[in-house]
Structures are given as structure tokens and as C-alpha cells.
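Chains, contacts and geometry: an overview
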Amino acid sequence: MSSDPRRGLFAALAVMAFCLAWLVAAAFHEAPLREALGMNRHAVTFFVIVALVFAAAAAFVFARFAAVRAELLAGRRVLGRWCVDPRTWDTVARETLATDDREKRYALAIVLLLLVVVFAGFGVADPEAALGMMIVALVVAVAVVVAFLVDRRVRRSQARFRDGTVIVGERGLMSNGVLHVWALPANRLRGAELRPRPPALIVAYAWFGRSGWQEASVDLPVPSEASQIALRCRDALLALASAGRAG
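This text gives an overview of the structure that appears in the document. (Residues numbered from 1 in each chain as written. Predicted model: local features only at pLDDT ≥ 70, side-chain atom pairs only at ≥ 80, totals over all residues. Heavy atoms only, no water.)

**Topic: the overall build of the protein chain**
Which entries qualify depends on this criterion: Numbering of helices and strands runs from the N terminus; a helix is a DSSP stretch of H or I covering at least four residues, while a strand is a stretch of E covering at least two. Here the radius of gyration uses the C-alpha set of atoms, whereas the globule reference equals 2.2 Å times the residue count to the power 0.38.
Within the protein chain, the regular secondary structure consists of 6 helices and 7 strands. For the protein chain, the succession of helices and strands along the chain, N to C, is α-α-α-β-α-α-β-β-β-β-β-β-α. In terms of overall dimensions, the protein chain is more spread out than a globule: its C-alpha atoms have a radius of gyration of 24 Å, far above the 18 Å expected for 247 residues. Once the C-alpha set of the protein chain is aligned to its principal axes, its extents read approximately 70 × 60 × 35 Å.

The following block contains the structure:
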């Protein structure tokens, strides 16, 4: 993430405070709420409980992000730090964006093809529902394409040169102002490797989602004067990944 995680933490805490205030009011001022809302107050309470659970989870994540960001900036639990000049940064960023674009365009084409095949099959099986299926397929396709375009815009924004500072730590890293954290219960550090051309330290981590483990990688440009630092970072990250330590 490129924004300060403390903002997300404050927002999550504000939602939690509102939810707790409602639960207190529901417990000690039940009569006025019954007069104002009737049975709808139970639906509101259920929604508030769900929101409280999600806000608490979000607060934990943002708090961990904020803690890792603070320790990286303070130099605690840091494995290496270097600065990248604009030319080196742009060279690696172009290579990374080009590779990501190829992979994501391929995935987009597969998804759109599956939409055509699946909804066309529904239309053939039930001609009366063909128009409705076509509309649903079009809506889903538009949503997928919009998500693809938004993701590409975000990746290009994050790849734009800012300060060029790279900080690699035990629990996360900062690259050009963008924070990556693997020190979460559902995350894990996968490893690191050095790519010779263009020179970059590639750090891989993963998080557990609804479809299983999903992996992400970060390409950190390495100027010639930082090659030894990057090598030490790679060895340390590999050791941490093999030991399963990221907390």
C-alpha cells in the first residue's frame, strides 16, 4: 500500500467505536430504540455486530502494517537499505509492468472467453432466457474489464518514481514509498532471488484467500553499488522463509 496505514487504522477504530456505542445503547436504552425503530432495531444490531467483527479485523491488519512501516523507517529489524536512481528505477519498472501486463491480459482473455462459452451455453439450453443471459454476461464482462483497468492504473501509479528508497526488513519492505507486509497470520514469506538483467531483488510472499494461497512478488531495483547489500538481503530472506518466521 502507498498510503499511510494509520489512516486506515483510525477509520477502523472509528467504526468500532460507533458499533460499540450502538451495542451499549441497545443494552441500556432499549425502550427508546424500540419506540423509534420497532423490530428493525434487531436487524440494525445484527448489522452492527458484523461490522464490528470486520472493523476489528481491519484494525488489526492496519495496526500491523503501521507497526512494520514504523520499524522500517526507524531502522529496526532492517536487513538492508539502498537508494535507486531514476534511470535504474524506470528500467526495472518498465520490465516489471510489461511482464505483469502480459500475464494479466492473458488471464483477462481467458475469463472473457469462459464468460462467452458459459453464458452462450445457457442461452442455447434455454432460448427464452438468452437475452437475460446476454445482459448478465455483458455486465460481468464490463466489471471484469473495469477491474483490470483499475488494477493496471494502480500498478502504474505505484511504479512511478518518487524517492527511490528501498528498505528490506524481516517483516516487510518499503519500495519507493509502497509498503509490503508479510507479517500477518494469513501471510507468509515465500523467498527471494536476484535477477541479473535488469538487476533486481525479487521478493515473493503469499496470503491465504478464498481460493487458497495467492502469491505476489516485488521487484526491487538494485544499482551496482548496492549489489552486496541486496545479496545479503536475499540470503537473510531465504533463511527467514525456510524457517517460517515472519511475525
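**With respect to a nonpolar patch on the surface**
Convention followed: Patch definition: residues with relative accessible area over 30% and no salt bridge; like charges joined within 9 Å; nonpolar side chains (Val, Leu, Ile, Met, Phe, Trp, Tyr) joined within 5 Å. Residue exposure ignores everything except the shown protein chains as possible cover, and the areas themselves are Shrake-Rupley values with a 1.4 Å probe. A pairing counts as a salt bridge when a side-chain nitrogen of Lys or Arg comes within 4 Å of a carboxyl oxygen of Asp or Glu. The rule is simple: take the accessible area with a 1.4 Å probe, protein chains only, and divide by the maximum for that residue type; under 20% is buried, over 50% is exposed, in between is partly exposed.
On the surface, Phe 46, Ile 49, Val 50, Val 53 and Phe 54 cluster together to form a nonpolar patch covering roughly 520 Å² of accessible area. Mapping Ile 49 onto the fold places it in helix α3 (residues 40–74). With relative accessibility at 42%, the residue Ile 49 sits in the partly exposed group.

**Re the pattern of salt bridges**
All told, the structure shown has 11 salt bridges when counted by the stated rule. Arg 77 is the partner of Glu 170 in a salt bridge, and the nearest nitrogen-oxygen pair spans 3.1 Å. Placement of Glu 170 in the loop between β2 (165–169) and β3 (172–175) and of Arg 77 in the loop between α3 and β1 (78–83) is noted, with a sequence separation of 93 residues between them. Between Asp 151 and Lys 104 there is a salt bridge, with the nearest N and O atoms lying 3.8 Å from each other. Of this pair, Asp 151 sits in helix α5 (residues 130–159) while Lys 104 is found in helix α4 (residues 86–125), placing the two residues 47 residues apart along the sequence. Given the relative accessible area of 31%, Lys 104 is considered partly exposed. One continuous salt-bridge network, built from bridges that share partners, spans Asp 101, Lys 104, Asp 151, Arg 155 and Arg 156.

**Considerations on the pairing of β3**
Quick reminder of the rule: Strand pairing is assigned whenever DSSP detects at least two bridges linking the two strands.
Side chains Gly 172 and Met 174 project from β3 onto one buried face, and the interleaved Leu 173 and Ser 175 project onto a second face that is buried too. With 3 bridges joining them, β2 and β3 adopt antiparallel strand pairing. Counted as the bridge partner of Val 166 is Ser 175 from β3. Here 4 bridges tie β3 to strand β4 (residues 178–181), and the two strands are oriented antiparallel to one another. Within β4, the residue paired with Gly 172 across the bridge is Val 181.

**Structural notes on helix α6 (residues 227–243)**
Defined as follows: Helix span, expected: 1.5 Å multiplied by one less than the number of residues in the helix. By arc we mean the arc of the directions from the helix axis to the C-beta atoms, nothing more.
Look at α6: 24 Å from first C-alpha to last across 17 residues, which is about the 24 Å you get at 1.5 Å a residue. Listed as buried for α6 are Ala 230, Cys 233, Leu 237, Leu 240 and Ala 241. Projected down its long axis, α6 shows its buried positions confined to an angular sector of 95°, all on one face. Relative to its buried face, α6 has exposed residues pointing more than 90 degrees away, namely Gln 228, Arg 232, Ser 242 and Ala 243. Phi turns positive one or two residues past the end of α6, at Gly 244, with a value near 75°.

**Observations regarding the packing of aromatic side chains**
The line we're drawing: To pair, rings of Phe, Tyr and Trp, with the six-membered ring standing in for Trp, must have centres within 6.5 Å; the planes then decide the type, stacked if under 30 degrees apart, edge-to-face if over 60, and tilted in the middle.
Applying the stated rule across the entire model yields 2 aromatic pairs. Pairing Tyr 205 with Trp 207 gives two aromatic rings, centres 6.4 Å apart and planes at 45°, and the pair type is tilted.

**Describing the environment of Leu 23**
This is how it is decided: Whether two residues are in contact is decided by their heavy atoms, any of which lying within 4.5 Å being enough.
Positionally, Leu 23 belongs in helix α1 (residues 5–28). On a C-alpha basis, the gap between Leu 23 and Asp 126 in space is 49 Å, while along the polypeptide they are 103 residues apart. Apart from the residues within four sequence positions on either side, Leu 23 is in contact with Thr 45, Val 48, Ile 49 and Leu 52.

**Describing the environment of Glu 215**
We apply this condition: Within 3.5 Å is the distance limit for a polar contact, defined as a pair of N or O atoms, with the added protein rule that one can donate a hydrogen and the other accept it, and that residues adjacent in sequence qualify only through two side-chain atoms.
Locating Glu 215 in the fold gives a position in strand β7 (residues 212–221). As for Glu 215 and Arg 188, which are separated by 27 residues in sequence, their C-alpha atoms are 9.4 Å apart. Those residues in contact with Glu 215 that sit more than four places away from it in its chain are Arg 190, Ala 204, Tyr 205, Ala 206 and Trp 207. Side-chain polar atoms of Glu 215 contact the side chain of Arg 190, separated by 2.8 Å.

Keep in mind these numbers describe shape, not what the thing actually does.
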